[in-house]
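Listed here are the chains, written in short residue letters.
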Amino acid sequence: CTINRHRSVIAEFLFRNILERQKEKYLREIEISSAGIVTKQQKAELKQKGIGLPRPLFGYRPMPCVILYMQKKAGINVSEHRSRGLTAKMVKAADLIIAMGESHQEGVRKTFPAASGKIVTLAELSRPFEFPDIAPEEPPGLMPPAKFCMLQCDHWTVTETMIADVQERLEQATTKIMSRLGVRQ
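Residues numbered from 1 in each chain as written. Predicted model: local features only at pLDDT ≥ 70, side-chain atom pairs only at ≥ 80, totals over all residues. Heavy atoms only, no water.

J.: I tried to follow the packing of helix H1 (residues 7-22) against helix H4 (residues 64-74) on my own but got confused; where do I start?
T.: The relative placement of two packed helices is expressed as an angle between their axes plus a distance between the axes. Following both chains from N to C, one finds H1 and H4 inclined at 30°, their axes separated by 11 Å at the closest point. Classified by the angle their axes make, H1 and H4 are roughly parallel. In terms of crossing hand, the pair formed by H1 and H4 is right-handed. Along the contact surface, H1 presents Val 9, Ile 10, Phe 13 and Leu 14, while H4 presents Val 66, Met 70 and Ala 74. Among the residues forming the contact of H1 with H4, the class breakdown is seven nonpolar, no polar and no charged. (Axes fitted to C-alpha atoms, helices over the stretch in contact; angles between N-to-C directions. Helix = DSSP H or I, 4+ residues; strand = E, 2+ residues; numbered from the N terminus. Parallel < 35°, antiparallel > 145°, perpendicular 65-115°, else oblique. Left-handed = near helix turned anticlockwise from the far one by under 90°. Contact = heavy atoms within 4.5 Å. Nonpolar A, V, L, I, M, F, W, Y, C, P; charged D, E, K, R; others polar.)

J.: Can you walk me through the packing of aromatic side chains in this structure?
T.: Aromatic ring pairs: the centre-centre distance and the angle between the two ring planes describe each pair. Inspection of the entire model under this criterion finds zero aromatic pairs. Here the basic side chain of Arg 16 rests over the ring of Phe 13, its NZ or CZ set 5.2 Å away from the ring centre. (Phe/Tyr/Trp six-rings, centres within 6.5 Å; stacked < 30°, edge-to-face > 60°. Lys NZ or Arg CZ within 6 Å of the ring centre and 35° of its normal.)

J.: In this structure, what is going on with the pattern of salt bridges? I would like to understand it.
T.: Pairing is possible between side chains that carry opposite charge, provided their charged atoms lie close to one another. Taken as a whole and assessed by the stated rule, the structure comprises four salt bridges. Close ionic contact of Arg 21 with Glu 171 constitutes a salt bridge, the shortest N to O distance being 3.5 Å. Residue Arg 21 is found in helix H1, and its partner Glu 171 is found in helix H9 (residues 155-181); the two are separated by 150 residues along the sequence. Relative accessible area serves as the criterion here: at 52%, Arg 21 is assigned to the exposed category. Of the residues examined, Glu 171 reaches a relative accessible area of 39% and is grouped as partly exposed. Of the charged contacts in the structure, one is a salt bridge between Arg 169 and Asp 165, with a shortest N-O distance of 3.0 Å. (Salt bridge = Lys/Arg side-chain N within 4 Å of Asp/Glu carboxyl O. Buried < 20%, exposed > 50% of the residue type's maximum accessible area, 1.4 Å probe, protein only.)

J.: Teacher, can you tell me more about the nonpolar core here?
T.: Counting residues in each nonpolar core, the largest one holds 32 residues, and the members touching the most others are Ile 10, Leu 14, Val 66, Met 70, Val 166 and Leu 170. Those elements giving two or more residues to this core turn out to be H1, H4, helix H7 (122-125) and H9. The residues touching Leu 170, leaving out its near neighbours within four places in the chain, are Ala 11, Leu 14, Phe 15, Ile 18 and Leu 122. In this structure, Ile 37, Ala 99, Phe 112 and Ala 115 belong to the second largest nonpolar core, which totals nine residues. (Core = buried A, V, L, I, M, F, W, Y, C linked by side-chain atoms within 4.5 Å.)

J.: Which parts of the structure should I look at to understand the layout of surface pockets?
T.: A water-sized probe rolled over the atoms picks out the places where empty space is left. Taken as a whole, the second largest pocket spans an internal volume of roughly 860 Å³. As for the second largest pocket, its lining consists of 32 residues, of which Glu 31, Ile 32, Ser 33, Leu 96 and Ile 97 are closest to the centre. When contributions to the lining of the second largest pocket are tallied by element, the ones reaching two or more residues are H1, helix H5 (88-93), strand E1 (97-99), helix H6 (102-111) and H9. No other element matches the four residues that H1 contributes to the lining of the second largest pocket. (1 Å grid on protein atoms, 1.4 Å probe; cavity = no way out; pocket = protein on both sides within 12 Å on 5 of 7 lines; lining within 4 Å. Points joined across faces, edges and corners; volume = space filled by probe spheres on them.)

What follows is the structure, encoded as structure tokens:
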């Protein structure tokens, strides 16, 4: 994901829940985590537009809509999650990296060349799709204020739909993911 406060959090917690329901032993064999990546190119493009990024860039709770709908629709509490950025150490330790979109996949490849052989998109493991523009009317920048998210943007509707879509895709992809990780089902 980009900032590790929306789609990647949804995917991390839903996939952990899927494995927990299938076989709890999978969670002893597999570490599941999420992270965001904001490339130098993205930072430069934002700077050119006069958009500053918060400092620190990571360390925040998921978007309020993610916290609400993950609890409401999936019964999963994600409120203790804190966003984090992808690091070289994480890439090296990972056996498989699943990007939420092609731009994220490309950003990871460019930033961490060692990831090239182990990164795929969720669409490659399930079926092709594109996430909708989450909030075309939101203020500039990657992290709209929680008040804006709660009162004005369309994250609520999109998040509710996205949770169902990501859940379905992860369930479709589970066998392929486990196979890529060398885990016998």
